[in-house]
Amino acid sequence: MQTVKACPLFGICGGCDWWNLSYDEQIARKTHILRGCLAETLSGVELPPITVVPSQPFEYRSRIELHRIDETPPPRREKKLRPGLERAGPAGFMGKKSRVVIPVNDCPVAVPEIRKALRDGILVPPPEKDRWTVFAATSGLLCEGGGAAKVCGESCGESRGKSRGKSRGKTRLLGRELLVDAGVFFQSNIALLEQMITGIRARAEQALPGAAWDLYCGVGTFAVFLKDYFPRLVLMEAGKTALALARENLSGGLQSAGNTEFYALNDDHWVKEMRKRKNREKPAFVSVDPARRGLSAALIEFLNESAPLVLVYISCNPRALAH
């Protein structure tokens, strides 16, 4: 059983809830919660075994959201700090069950590049933003909105001012490069994302040739690999910036042959658009990766009608998944 490393912010920061448990115990509890949600909704249905793919417990998050720190924190915030945090930089995490921003100078679950930036205090918010996202891409550290970073000398011993950071760059997944933006959602655990893609590839091989739908597609993370198996793709994503990145990530492939359709619509509006088609092709494969609220009722009904041979559902909310 793995020993949980101490974090001076546990119980204060709102980011981690179960650091009082070993990682094995955390997995067991999460499995129990998922099975309970499914059993409650699917009463009378025999559930298959739940296979757990463990993560590295620490230094796995390549994407974090930071909040602006006031130059002069109120006394009540200072009282919440623990020894060693008085040197924290100008960024912080939202406090546990509060709107108080807690200064941080390290985060054990963040990847080493982000941990170093926090310890060096070089991450500062972009202009007119109280919160922003930092993403450790293959091409370097990306900051939403071009968040500023202090420019250091060769030894990083002294700061020489500030410069706007890059918001857009590239990251590598299973040997392929994807264009990403810190301001657009992207899975934060790259190692598990690659395992997820490997699993999706295996499911894609089970489907018949035909059309594949990648719904809530983001920057086209799954579609970049699905195009190896299906001659026609349909991508749906409400975020226009993310869909524009998906177009770029798929350029030179199916898009050039006119066999990829991009829809900058939310799920309900996309269903209405698809229903207008009298001779629409039923999909052989569908992947869905919605936000925490899950699939809309209209989309669930439409997927039932479409009856794809294979449906892959990626979910971050066990209750939404169960329903």
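A. Inspection of the sheet that holds strand β2 (residues 91-94) at higher detail. Reading across from one edge, β3-β2-β1-β4-β5 is the order of the five strands in this open sheet, with antiparallel pairing throughout. Every other strand in the sheet has two partners, leaving β3 (101-103) and β5 (140-143) as the edge strands with one partner each. Strand-to-strand twist of the sheet, defined as the mean angle between neighbouring strand axes without regard to direction, takes the value 45°. Inspection of the sheet shows strand β1 (residues 63-68) paired to strand β4 (residues 131-137) by five bridges, in the antiparallel sense. Looking across to β4, one finds that E65 is bridged to T133. Across the face of the sheet, helix α3 (residues 112-120) comes into contact with β1, β4 and β5 while running at roughly 20° to β1.

B. Examining the pattern of salt bridges more closely. Scanning all chains against the criterion turns up 19 salt bridges. The salt bridge involving D181 is made with R168; its shortest N-O contact spans 3.6 Å. You can see D181 sitting in strand β9 (residues 176-181) and its partner R168 sitting in strand β8 (residues 168-173), a full 13 residues away along the chain.

C. Inspection of the sheet that holds strand β13 (residues 285-288) at higher detail. Strand order across the open sheet formed by five strands is β12-β11-β10-β13-β14, with parallel pairing between neighbours. The two strands at the open ends of the sheet, each matched to only one other strand, are β12 (260-263) and β14 (310-313). Each strand axis lies, on average, 10° off the axis of its neighbour in the sheet, ignoring direction. In this fold helix α6 (residues 240-250) packs onto β11 (232-236) and β12, with an angle of close to 165° to the strand it touches most, β12.

D. Region of the structure containing the side chain of S287. For S287, the position within the fold is in strand β13. Among the polar contacts listed, one links the side chain of S287 to the side chain of D214, at a separation of 2.9 Å. Apart from the residues lying within four places of it in its own chain, the contact partners of S287 are W213, D214, L215, F222, L226 and V312.

E. Summary view of the environment of S296. Along the chain, S296 turns up in the loop between β13 and α8 (297-306). Not counting the four nearest positions on each side in its chain, S296 is found in contact with Y216, D267 and D268. One polar contact links S296 to D268, side chain to side chain, over a distance of 2.7 Å.

Conventions adopted
- Residues numbered from 1 in each chain as written.
- Predicted model: local features only at pLDDT ≥ 70, side-chain atom pairs only at ≥ 80, totals over all residues.
- Heavy atoms only, no water.
- Pairing = 2+ DSSP bridges.
- Helix = DSSP H or I, 4+ residues; strand = E, 2+ residues; numbered from the N terminus.
- Axes fitted to C-alpha atoms, helices over the stretch in contact; angles between N-to-C directions.
- Contact = heavy atoms within 4.5 Å.
- Salt bridge = Lys/Arg side-chain N within 4 Å of Asp/Glu carboxyl O.
- Polar contact = N/O pair within 3.5 Å; in protein donor to acceptor, adjacent residues only side chain to side chain.

So far we have only geometry, and geometry alone does not tell us how the molecule works.
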